[in-house]
Amino acid sequence: MSRLHPLAERHAVEKLGWLRAAVLGANDGTLSTGSLIVGVASSHATRGSILIAGLSALVAGALSMAAGEYVSVSSQWDSEQADIAREKQELATDWDGEVTELAGIYQQRGLDADLSHTVAVALMQHDALGAHARDELGLSEATAARPIQAAFASASAFSSGAVLPVLAAVLAPVSWVSWSVSLTSVVVLVILGIVGAVAGGATPWRPALRVTFWGIVAMIVTGGIGHLFGV
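Residues numbered from 1 in each chain as written. Predicted model: local features only at pLDDT ≥ 70, side-chain atom pairs only at ≥ 80, totals over all residues. Heavy atoms only, no water.

Participant: It is not clear to me how the overall build of the protein should be interpreted in this structure. Could you clarify?
Facilitator: Helices and strands together make up the secondary structure of the protein, namely seven helices and zero strands. Along the protein, from the amino end to the carboxyl end, the secondary structure elements read α-α-α-α-α-α-α. Looking at the protein as a whole, 39% of its 231 residues qualify as buried. (Helix = DSSP H or I, 4+ residues; strand = E, 2+ residues; numbered from the N terminus. Buried < 20%, exposed > 50% of the residue type's maximum accessible area, 1.4 Å probe, protein only.)

In structure tokens:
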């Protein structure tokens, strides 16, 4: 199946796939790892226990993100391949019907009957499967499922966010670990919220405030659990 050639003009919607994986993965890494460290540190655990908890959260979270993304995108890839195989069969057995179907799609988009039929015939003579994959199934290079790439991107994004709270725990005095990790996590969440919003073409402050608010709530709750059950 052929893919669409990228146009010179770029739009924010084209970034949504990798943007979602990168920003949400880094947010999850920062928030979950930072909150866990705050909870463990609030229980008056030793530095060794705190670091083990932080590193375990980083590794387990990254692997969980990778596995979940791989399974999800693999299911999408299986569905895409099944649709493409079905489309190949229909093209081989009912060419005229497929021309009519594609022409109908173009009529719904505003072309008249004669022009839509002419366009459908021209595109199918050039690349029948590519035309139907793009205009009937909605598949393109930008939206194609790539399980391994998605898994690696999610794991990398999570790790990049999780490593900062871990570093804060390493560098801060034991008595200041909770505050240091909390502050570091909040700053990172603000930055990620702004970056994600700007890259997606949205106003930055509302997403930044939203993710920061829930991050603070999560760390307060886990810190309270640590104090409650601490030794």
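So that's the structure; there's more coming.
Participant: Explanation requested: the environment of A120 in the structure shown.
Facilitator: Note on placement: A120 falls in helix α4 (residues 113-135). Residue classification places A120 among the buried positions, given a relative accessible area of 0%. A sequence separation of 17 residues divides A120 from A103, and the C-alpha atoms of the two residues are 5.3 Å apart.

Participant: When you look at a nonpolar patch on the surface in this model, what are you seeing that I'm missing?
Facilitator: The grouping of V163, L164, L167, V170 and L171 at the surface amounts to a nonpolar patch, some 420 Å² of accessible area in total. Within the fold, L167 resides in helix α5 (residues 147-171). (Patch = residues over 30% accessible without salt bridge, like charges linked within 9 Å, V, L, I, M, F, W, Y side chains within 5 Å. Areas by Shrake-Rupley, 256 points an atom, 1.4 Å probe, with all protein chains shown as cover. Salt bridge = Lys/Arg side-chain N within 4 Å of Asp/Glu carboxyl O.)

Participant: I tried to follow unusual backbone geometry on my own but got confused; where do I start?
Facilitator: Excluding glycine, most residues fall at negative phi; most peptide bonds, likewise, are trans. Its identity is not glycine, yet H44 carries a phi of approximately 65°, on the positive side. Within the secondary structure, H44 sits in the loop between α1 (16-42) and α2 (47-93). Using a relative accessible area of 56% as the deciding quantity, one classes H44 as exposed.

Participant: Explanation requested: the nonpolar core in the structure shown.
Facilitator: Nonpolar side chains tend to gather and get buried jointly when the protein is soluble and globular. Counting residues in each nonpolar core, the largest one holds 21 residues, and the members touching the most others are I37, V40, I50, A169, V177 and V181. At the level of secondary structure, the elements contributing two or more residues to this core comprise α1, α2, α5 and α6 (177-199). A total of seven residues in this core trace back to one element, the largest contributor, which is α5. Sequence-distant contacts of V181, defined by excluding residues within four places in its chain, comprise G34, I37, V38, P165, A168 and A169. (Core = buried A, V, L, I, M, F, W, Y, C linked by side-chain atoms within 4.5 Å. Contact = heavy atoms within 4.5 Å.)

Participant: Would you mind going over helix α3 (residues 95-108) with me for this structure?
Facilitator: Since the α-helix turns once every 3.6 residues, residues separated by three or four places project in the same direction. The end-to-end C-alpha distance of α3, which contains 14 residues, comes to 20 Å, matching closely the 20 Å that a straight helix rising 1.5 Å per residue would cover. Buried within α3 we find E98, V99, L102, A103, I105 and Y106. Taken around the axis of α3, the buried residues stretch over an arc of 150°, which confines them to a single face. Residues of α3 that are exposed and angled more than 90 degrees away from the buried face: D96, T100 and Q108. In the segment just after α3, G110 is the residue with positive phi, at about 120°. (Expected span 1.5 Å × (residues − 1). Arc of directions from axis to C-beta.)

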